[in-house]
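Residues per chain are reported as follows:
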Amino acid sequence: MSSRRSGSRQSGASRITDDQIADLVSKLQRLIPELRGRRSDKVNASKVLQETCNYIRNLHREVEGLSDRLSQLLASTDTDNEQAAILRSLLM
Amino acid sequence: MDLHNLNPSSLKSRFTTRFLRALTEINARKPIASSSSPREIFQRYRRIKDAADTSMAYSVRSRRTWSKATLWRLRTPSHRRRLASFGRRSSLNKTRTTTTASHRGAVVVQITSRGGGLGVQLEELRELVPGGEAMDLCNLLDETAHYIKCLTTQVQVMRTIANLYSLE
């Protein structure tokens, strides 16, 4: 198994530039509603990562809640094929 | 959600089609009786959630690590997954130090130095993004952005469908 402890030497295999990483962090920041309004030089990476994790967890929870709701809704309707067809034609 | 101008080749549209199809199949397979056991109810919930995740993973145009990981997780029985995960942990958490004094440099030092407080959050992120354990830092951040975009689309569509069904 390859070693995970690379210490603090330069990693020769990675060609990632500082700019790339900073760009990716600010790209993330723009996606998260919590942080969207702030100027980028006031938000540190730690906050961005923390809010990213929170946001993803919230999204997961929403998916679970909606799946739950959908499972109850499906159970109570009889004409599902018809409704699905209607929905599909509306959305196309 | 604007129903009239939906681009048929958009991610939203592809996901919606797949997911609706899956929902129809799920419902056709086993109509729920009013006396369903909690286990049956849970199974239906599980099937719907898995259908949603799978539909989204299939709907992405470019093959992403997270989408492949999602599909793999949902199709591979757990005992085989446990065996496989031993081999997947390649060299992670590459460490670099930099002496740039600018803020951008500071961002990078924060993220890349092992001793810094970001280690925990990066680990958390790796657990939240499918396939995150095996990604290097750059890919992790990139995949996270894409994953978030897709998740928000998924939630949007699921919510719209649920609202439409509950108008009944």
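Since the structure is predicted, the reported quantities are computational estimates derived from the model, not experimental observations.

Draft legend 1. Geometry of the overall build of chain A. Helix and strand counts for chain A come out as 3 helices and 0 strands. Secondary structure elements of chain A, listed N to C terminal, follow the sequence α-α-α. Among the 92 residues that make up chain A, the fraction classed as buried is 41%. Surface exposure of chain A reaches about 5500 Å², of which carbon and sulfur atoms provide 46%.

Draft legend 2. Inspection of the nonpolar core at higher detail. Residues I56 and L70 of chain A together with F19, L141, M158 and I161 of chain B are the most contacted members of the largest nonpolar core, which totals 52 residues. If one sorts the elements of this core by residue count, helix α7 (residues 137-165) of chain B sits on top with 15 residues.

Draft legend 3. Main features of the pattern of salt bridges. Scanning the entire structure with this criterion turns up 8 salt bridges over all chains. Note that E124 of chain B is salt-bridged to R57 of chain A, the shortest N-O span being 2.7 Å. With E124 of chain B in helix α6 (residues 118-128) and R57 of chain A in helix α2 (residues 45-76), the pair connects residues from two separate chains. Given the relative accessible area of 29%, R57 of chain A is considered partly exposed.

Draft legend 4. Molecular detail of a positive patch on the surface. Residues and elements named next belong to chain B. A cluster of basic residues, R18, R21, R63 and K68, forms a positive patch on the protein surface. Relative to the helices and strands, R18 resides in helix α1 (residues 11-29). Accessibility expressed as a relative area gives 33% for R18, which makes it partly exposed.

Draft legend 5. Inspection of α6 of chain B at higher detail. Residue and element names in this part refer to chain B. Listing the buried residues of α6 in full gives L118, Q121, L122, L125, R126 and L128. Buried positions in α6, seen along its axis, are confined to an arc of 165° and lie on one side of it. Of the exposed residues in α6, those oriented more than 90 degrees away from the buried face are V120 and E127.

Draft legend 6. Spatial organisation of helix α3 (residues 65-75) of chain B. Residues of α3 of chain B that are buried: W66, S67, A69, T70 and L71 of chain B. Taken together, the buried residues of α3 of chain B touch α2 (38-59) and α7 of chain B.

Draft legend 7. Quick peek at the environment of T152 of chain B. If you trace the backbone, T152 of chain B turns up in helix α7. For T152 of chain B, a relative accessible area of 26% corresponds to the partly exposed category. Once residues lying within four places of it in the same chain are set aside, the contact partners of T152 of chain B are Y55 and L59 of chain A. Within the local environment of T152 of chain B, its side chain forms a polar contact with the backbone oxygen of K149 of chain B, the two atoms lying 2.7 Å apart.

Draft legend 8. Just the confidence of the model for chain B, in detail. All names here are of chain B. Overall, the predicted model of chain B reaches an average pLDDT of 78, with 69% of residues at or above 70. Put simply, helix α5 (residues 103-112) is where chain B has its lowest mean pLDDT, 60, and α7 is where it has its highest, 92. Taken as a whole, residues 89-101 scores under 50 in pLDDT and shows 45 contacts with residues more than four places along the chain or in a different chain. Scored as a complex, the prediction yields pTM 0.75 and ipTM 0.77.

What counts and what doesn't
Residues numbered from 1 in each chain as written. Chains lettered and ligands numbered in written order. Predicted model: local features only at pLDDT ≥ 70, side-chain atom pairs only at ≥ 80, totals over all residues. Heavy atoms only, no water. Helix = DSSP H or I, 4+ residues; strand = E, 2+ residues; numbered from the N terminus. Buried < 20%, exposed > 50% of the residue type's maximum accessible area, 1.4 Å probe, protein only. Areas by Shrake-Rupley, 256 points an atom, 1.4 Å probe, with all protein chains shown as cover. Core = buried A, V, L, I, M, F, W, Y, C linked by side-chain atoms within 4.5 Å. Salt bridge = Lys/Arg side-chain N within 4 Å of Asp/Glu carboxyl O. Patch = residues over 30% accessible without salt bridge, like charges linked within 9 Å, V, L, I, M, F, W, Y side chains within 5 Å. Lys, Arg positive; Asp, Glu negative; His and termini not counted. Charge placed at Lys NZ, Arg CZ, Asp CG, Glu CD. Arc of directions from axis to C-beta. Contact = heavy atoms within 4.5 Å. Polar contact = N/O pair within 3.5 Å; in protein donor to acceptor, adjacent residues only side chain to side chain. pLDDT = per-residue confidence, 0-100.

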